[in-house]
Amino acid sequence: MDNTGVPHILEHTVLCGSQKYPCRDPFFKMLNRSLSTFMNAFTASDYTLYPFSTQNPKDFQNLLSVYLDATFFPCLRELDFWQEGWRLEHEDPSDPQTPLIFKGVVFNEMKGAFTDNERIFSQHLQNRLLPDHTYSVVSGGDPLCIPELTWEQLRRFHATHYHPSNARFFTYGNFPLEQHLKQIHEEALSKFRKIEPSTTVPAQRPWDSPREFQITCGPDAFAADPSKQTTVSVSYLLPDITDTFEAFTLSLLSSLLISGPNSPFYKALIESGLGTDFSPDAGYNGYTREAYFSVGLQGIAEKDIETVRVLIDRTLDEAAQKGFEDDRIEALLHKLEIQMKHQSTSFGLTLTSYVASCWNHDGDPVELLKLGDQLVKFRQCLKENPDFLKEKVKQYFKNNQHKLTLSMRPDDKYHEKQVQMEAEKLRQKVQSLSLEDKQQIYRKGLELRALQSQPQDASCLPALKVSDIEPTMPVTELDVVLAAGDTPVQYCEQPTNGVVYFRAFSSLNSLPRELRRYVPLFCRVLTKMGCGVLDYREQAQQIELKTGGMTVSPHVLPDDSHLDTYEQGVLFSSLCLDRNLPDMMHLWAEIFNSPCFEEEERFRVLVKMSAQELANGIPDAGHLYASVRASQTLTPAGDLLETFSGMDQVRLMKNIAEMEDVTPVLRTLSLIGTHLLTCDDMRCSMNMTPQQRPRAEQEVERFLGTLGRGGREPKPVHPHVVEKPAHSGPGGNADACGSQIVRKLITEPTFQPCQMKTHFPLPFQVNYVGECIRTVPYTDPGHASLKILARLMTAKFLHMEIREKGGAYGGGAKLSHSGVFTFYSYRDPNSMETLQAFGKAVDWAKSGAFTQQDVEEAKLSVFSAVDAPVAPSDKGLDHFLYGLSDEMKQAHREQLFMVSHDSLVAASHTYLGTGRSPHGVAILGPENAEIAQDPSWTIR
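*Asks:* Before we go on, may I ask you to explain unusual backbone geometry in this structure?
*Replies:* It is generally the case that most residues other than glycine have a negative phi and that most peptide bonds are trans. Its identity as a non-glycine residue notwithstanding, serine 198 has a phi of 55 degrees, on the positive side. Judged by relative accessible area, serine 198 falls into the exposed class, the value being 68%. Positive phi, close to 65 degrees, is recorded for asparagine 497, a residue that is not glycine.

This is the structure in structure tokens:
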């Protein structure tokens, strides 16, 4: 009921020790003592969810036990709260002028979250549209209010809300349900008496008339047009989400209104040229007791707010009058059918999230899951009443007085004001403290630091052993055959539930180097500009009616045995229901043979949307951008990766969005097409059921038969090309001719890795830090040691230094398939201190200050990722893309098993020490005086 973030802080705190497991951070320690495929916790606006998954029955029991005890019997000691929520440290208790410093994981997490202007807008939208109860506050916590939370408030909230009478349990999978129920009863339910928790969220009182609000945010450093940074949306309150059929209907209606270039709001708003993209949270939102619908534009001029409002009203008038075309409704229902058939490895988690909100408000979760029944009922309503959807538009939009217009404009001093408010809050807190208070805080700070530095005894926690890991991996049967002459096609027969998955990989080897930076843009627009006789609207309609989506993406694929060798190309991916396979392959044939790069206005719309999307994504993925930039000068593949997906690409898209004349760019894309959209250096793959195989072969043969060839000897753009066969190994079969996939890799034997340190000053209150080190490729035995070392350093050193002591939301180490070892931190109040922590982590590893038990736990953690479930659609993908056979993966698996304490110490000495291998560093974050004065840093 306030902005202190108590449910969010409690989410973190309960996972920090319980009665049965009285050690610090059982949650993070279990990451290394289990083969979990997922472990996390989420705080929504009105519930907290604690999900986990594993494929091992014993592991499931272990994790359930830890989660149950943490949730219902946490050790809510005062010190735990100071550690995980927020804390005050004082350098000198006798000096009242010395500033107190706020630190804390949740505090910095939320500061990072509200660096994102989209998040600011979404939060205000919910707070203003539902102002009567809990939705009017920030459940995650407002950074300026988090320090107000007291320990007693935290304990009281737990006692009220964290009771089995206020809990719901969800399991998904094929382990026996009886065992789950028995364990839940014995370890939790039997120890409580039923209470009435009184946590019901009352209905929002409907308004008599519409309301308006204006808020401010920080300026966008990547805005294509600095004068167009205003966002506006119009939102409507909808019925209670426990009315499952009405919620289903309104969710579909929302998609009809805003999804894709044929939707009314896309035509009216996106194609108006007034803005760059839909406003945040556009569409149906069913995560609060009453749902809401929102639509608007971001990237507009402030003077156009009224114009957008008029367009929204006019569009709803037309929808209420004309309704929707049958083809659009069918396309939407087809999309639902595919969603119900497509199997993902996170299906159980997706279902949990899908039912959580409705069930939390006493809706029927079983009814909610009967999508097929709801679909039948929806079709029946349309059949009985042709005006069914028109009437819904009138009822919920045209005649709805509970309507909010929210606008947000940039304020150049926004971040400065936030800093000032935080400083003032701190000053007031300091002034209110007596000398005795300060001395107590200081003592607690010292006590906390001492506690954090003590080795932790985690022996009370359950754990699997390395001997519980399967020594061999399951074999994936593959066939590689030649089609249309000499194009290799990989077939993988899987239980795909009536869905066919197609992929094609086309090499970029003949593409001139200066065109490579435009490849990601080519990929973004290729399936959205029209093809053959279809304009872009007709193309979008056919893609929705006949496929589950068609995507194109650039790929940099590292070699498994050489750091300076890689494959570059573009991956074309799609899926469809079995009956639509000919139509899907025909669409690909049209895209390959007759792509459209002439529609200048359409292109401008797509560029603006892409540029906005990239800019908006930085606050959520800053550590990834930092890591990509840090690896740029270490390997040739790293340089290309920065070109395709780093800050260079963000800046390029911003520049293209600012261009008055885009015809040269369109000509460039067309030229890229002549290099890519041919049979030359292409390979394909199909995942389908055995029954679908004959038809799949026929359709791939037909598709490849329509494609042209380059008709020229590919220009040797790169002087060194290595041909490398991807052997199927014992698990795969080649045909009688011995056909196989031959990858053409680029090698740069003269490449000289070098060190570089880059700082991107951005209007953020937190940092994203990346440090990368060039090590060894996948097949080198050292790679296995480094993979386990990264996990060991994260769990046993970096987590404590960066998160517990430093207050960052996250941080750690990882090793990529390419052989680049990466240290990173996320939403971090520090930068230079974090870089020092990375160095200390290496020294710690070199000293061998870890036990054999620590090594075993790191192995468990690595194998939980290595043995993560693979969806039927993705089986064989490692072989198709990277050329990795089951035999090679088994050899790597055995190398992981053989890693020892000595090999980890040796690897840290050999590869990670200063001067041993080239390092790269990058930081995204606020201005930094220390960096600015250091000539070894490049400031971008």
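The discussion continues.
*Asks:* Whenever I open this one, the nonpolar core confuses me. Can you help?
*Replies:* Counting 135 residues, the largest nonpolar core has Phe265, Phe502, Trp588, Phe603, Met686 and Leu704 as the members making the most contacts within it. The element contributing the most residues to this core is helix α22 (residues 600-630), with 13 residues. Counting residues in hydrophobic clusters, the runner-up holds 53 residues, among them Phe114, Phe121, Leu149 and Met408.

*Asks:* Hey, could you run me through the pattern of salt bridges in this one?
*Replies:* Working definition: two side chains of opposite charge can pair if their charged atoms are close together. Under the definition given, this model contains 47 salt bridges. For lysine 303, the salt bridge is made with aspartate 304, and the minimal N-O distance between the two is 3.4 Å. For lysine 303, a relative accessible area of 67% gives the class exposed. Under the relative-accessibility criterion, aspartate 304 is labelled buried at 10%.

*Asks:* Any chance you could explain the packing of helix α1 (residues 6-13) against helix α5 (residues 105-113) here in plain terms?
*Replies:* Helix-helix packing is described using two parameters, namely the angle between the two axes and the distance between the axes. Interaxial distance between α1 and α5 falls to 10 Å at its minimum, and their mutual angle equals 125 degrees. When the axes of α1 and α5 are compared, the pair comes out oblique. α5 is crossed by α1, and the crossing has right-handed handedness. Residues His8, Ile9 and His12 of α1 form the contact with α5, whose participating residues are Val105, Val106, Glu109 and Met110. Here the residues of the contact of α1 with α5 sort into four nonpolar, two polar and one charged.

*Asks:* Help me understand the sheet that holds strand β25 (residues 820-828) in this model?
*Replies:* Adjacent strands of a sheet pair through backbone hydrogen bonds, lying either parallel or antiparallel. The mixed open sheet is built from six strands, whose spatial order is β24-β25-β23-β26-β22-β27. Sheet topology places β24 (810-815) and β27 (937-939) at the edges, where each strand pairs with a single neighbour. Along the sheet, successive strands turn relative to each other by an average axial angle of 15 degrees, direction set aside. The pairing of β24 with β25 spans six bridges and is antiparallel. When the bridges of β25 are listed, leucine 815 appears paired with phenylalanine 821.

*Asks:* Could you clarify how one ought to interpret the packing of aromatic side chains in this entry?
*Replies:* Given two aromatic rings, their pairing is described by the distance between the two centres and the angle made by the two planes. All told, the structure shown has 31 aromatic pairs when counted by the stated rule. Within the aromatic cluster, the residues linked to one another by ring pairs are Tyr50, Phe52, Phe60, Tyr67, Tyr162 and Phe175. One cation-aromatic arrangement involves lysine 377 over phenylalanine 245; the distance from NZ or CZ to the ring centre is 4.4 Å. For arginine 683, the ring lying beneath its charged end belongs to phenylalanine 880, and the centroid distance is 5.4 Å.

*Asks:* Looking at this model, I keep getting lost on empty space enclosed by the protein. Mind explaining?
*Replies:* Over the atoms, a rolled probe matching the size of one water molecule traces out where space is still vacant. Taken as a whole and judged by the stated rule, the model has two cavities of 30 Å³ or more. Here the second largest cavity defines a volume of roughly 30 Å³. Lining of the second largest cavity is provided by Pro558, Asp559, His562, Leu563, Thr565, Thr635, Ala637 and Ser818.

Calculation criteria
Residues numbered from 1 in each chain as written. Predicted model: local features only at pLDDT ≥ 70, side-chain atom pairs only at ≥ 80, totals over all residues. Heavy atoms only, no water. Buried < 20%, exposed > 50% of the residue type's maximum accessible area, 1.4 Å probe, protein only. Core = buried A, V, L, I, M, F, W, Y, C linked by side-chain atoms within 4.5 Å. Helix = DSSP H or I, 4+ residues; strand = E, 2+ residues; numbered from the N terminus. Salt bridge = Lys/Arg side-chain N within 4 Å of Asp/Glu carboxyl O. Axes fitted to C-alpha atoms, helices over the stretch in contact; angles between N-to-C directions. Parallel < 35°, antiparallel > 145°, perpendicular 65-115°, else oblique. Left-handed = near helix turned anticlockwise from the far one by under 90°. Contact = heavy atoms within 4.5 Å. Nonpolar A, V, L, I, M, F, W, Y, C, P; charged D, E, K, R; others polar. Pairing = 2+ DSSP bridges. Phe/Tyr/Trp six-rings, centres within 6.5 Å; stacked < 30°, edge-to-face > 60°. Lys NZ or Arg CZ within 6 Å of the ring centre and 35° of its normal. 1 Å grid on protein atoms, 1.4 Å probe; cavity = no way out; pocket = protein on both sides within 12 Å on 5 of 7 lines; lining within 4 Å. Points joined across faces, edges and corners; volume = space filled by probe spheres on them.

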